[in-house]
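Chains, contacts and geometry: an overview
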Amino acid sequence: MAKSKIRVRYAPSPTGHLHIGNARTALFNYLYARHNKGKFIIRIEDTDTKRNIDDGERSQLDNLKWLGLDWDEGPDMGGDFGPYRQSERKDIYVDYINQLLEKGLAYKSYRTEDELEADREAQKARKEMPHYVYEYAGMDEGQIAQAQADAEAKGLEAVVRFRVPEGATYAWDDLVKGNVSFESKTIGGDFVIQKRDGMPTYNFAVVIDDHLMEISHVFRGDDHVANTPKQLMIYEAFGWEAPQFGHMSLIINSETGKKLSKRDESVLQFIEQYRELGYLPEAMLNFIILLGWSPVGEDEIFTRQEFIKMYDEKRLSKSPAAFDGKKLEWVNNQYMKNADEDAVFDLALPQLIEAGLLEKHADPMTMEWTRKLISLFKREISYAAEIIPFAKPFFHGPAEINEEAKAELAEDDALTVLKEFRARIADVDYLNTVKVLKTIKSIQKDTKIKGRKLWMPIRIAITHEMHGPELPESIELIGYEQSIKNLDEMIKELS
RNA sequence: GACCCGUUGGUCAAGUGGUUAAGACACCGCCCUUUCACGGCGGUAUCAUGGGUCCGAAUCCCAUACGGGUCACCA
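All figures in this text were calculated on a predicted structure; none of them were measured in a lab.

This part is about the sheet that holds strand E4 (residues 159-162). Read across the open sheet, the 3 strands follow the order E3-E4-E7; overall the sheet is antiparallel. Lying at the two open borders of the sheet, with one neighbouring strand each, are strand E3 (106-109) and strand E7 (192-194). Neighbour-to-neighbour, the strand axes of this sheet turn through a mean angle of 45 degrees, independent of strand direction.

Here it is, written out as structure tokens:
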């Protein structure tokens, strides 16, 4: 039964940066907590001391914050159920492991890793499922004690294994998948709950912590389904009530149909990478929520608050969610278009500096110019780094003119238009949007040339491109001198 | 191999016994427009296959095929 207080957690292991799949897990737990006015807790699962990386925890939390998540208890802020790092809870686990040992529900195991590996190889060869075989089979208590004493005498160190009940069925009503059940004999034999280094294994620590932290619901990836019966056994051994589980489908690569692997380089998978490219956090949040979950109506773009309000765990999908990079870009573009100028400027400026187009501390006039440039391309780009190719011509001057554009300039009125334009700006010493627009309109009025024939020659002569954003704005950014220069060169060439 | 799970258009994805089978992305066409983009409108579906159950099935049941996940002293 559901507990009265809703408490959910996100429990990353600090073995790497925040992966998109982890972010999704965190997000759905967060959404569930906030929707139900419960608590959202972060717990660091760092029991694998070998795999932990220095920056892991900081990076996880930092990127979660960037996505807009906040939590009520965690390693960085404490809470009533701490500590929130498993490495700091070792004494707690040892205490519970001893209880199991005393009750005879767990035992010390001295099989070496080499022996176990050999067993597994042999089982595989016989086409059996790899599994641990009880090492004290057929022995009475005295014989077991003797065997263990012998092992100790040989200097072997023990791990602690949980004695899996025989002939039992472990079933639960999964929040996503419905009824799921496992026979105890299929889970692979007595599993380790305490490693040789004294640390608990994941399957043990997670139970102790979820119970002690009064976690009511656990949303996690599909890859944990097979762990659930093991955890259920431990809850049973202690006489505790298990939380409600919900196993979400995995994110797959739409190209390969396989689970997104961290080594798969065809997809950027770490939140940090998107952050560096100048994606908007609100857009990432929105996109990730759409991975394996769908809102009721036809819209797909919502704020965090709206998601919280409408979140319903029943709408989590059972089938895998395919990662669609195109969709990601589209979602980001939606946000980019609606973002205010300052936000886009803040995002794009570092990109321009990074690309070497702009100096780090440019003068105010250059900054103002850059601001206009960025806002010109705001609706074209999905993420800030995309501005670089668009912006380059404005910094480095125009590129070579292609054949298609040359053909356009060969049109009858092209030279006329250019000469008119050049003549009409001869007596000014600046060019801004308004001035350019007025000038073009006046040419239209006087020469009756209009539309494409009027605009295209000017665009090509000054920008050397057939496509681009609004012409008057573009010319303002290119500036008076450069525009005149390009115009003169083109007129000379055509004359 | 065993155990769990899934399978709706080019792609993603709503839909839980009676619908013209939503919507999004992509693509194509038209409109808007100085161009591109944006925006607007429109276009394409034997719901994996085969059997059932039912007046009626994408929806329930059973097989088959295909796909995925898991079988660690990792989490």
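UniProt tags residues 5-330 as "domain: Glutamyl/glutaminyl-tRNA synthetase class Ib catalytic" (unreviewed entry). Along residues 5-330 the backbone is 36% helical and 14% strand, and the end-to-end C-alpha distance reaches 38 Å.

Moving on, we get to the domain arrangement of chain A. Parsing chain A into structural domains produces domain 1 (7-78 + 203-251), domain 2 (91-194) and domain 3 (397-494). One C-alpha centre belongs to domain 1, the other to domain 3, and the line joining them spans 60 Å.

In this model helix H20 (residues 480-494) runs 21 Å from its N-terminal to its C-terminal C-alpha over 15 residues, within 8% of the 21 Å that 1.5 Å per residue would give. For H20, the set of buried residues is Ser483, Ile484, Asn486, Leu487, Met490 and Ile491. Around the axis of H20, the buried residues are gathered within 165 degrees of arc, so they sit on the same side. Exposed positions of H20 whose direction lies more than 90 degrees from the buried face are Glu481, Lys492 and Glu493. Elements that come into contact with the buried residues of H20 comprise helix H15 (403-409), helix H16 (414-424), helix H18 (452-463) and helix H19 (471-478).

So, how was this worked out
- Residues numbered from 1 in each chain as written.
- Chains lettered and ligands numbered in written order.
- Predicted model: local features only at pLDDT ≥ 70, side-chain atom pairs only at ≥ 80, totals over all residues.
- Heavy atoms only, no water.
- Pairing = 2+ DSSP bridges.
- Helix = DSSP H or I, 4+ residues; strand = E, 2+ residues; numbered from the N terminus.
- Axes fitted to C-alpha atoms, helices over the stretch in contact; angles between N-to-C directions.
- UniProt positions renumbered as here; feature names shortened; annotations may be inferred.
- Domains from an automatic or database assignment.
- Expected span 1.5 Å × (residues − 1).
- Buried < 20%, exposed > 50% of the residue type's maximum accessible area, 1.4 Å probe, protein only.
- Arc of directions from axis to C-beta.
- Contact = heavy atoms within 4.5 Å.

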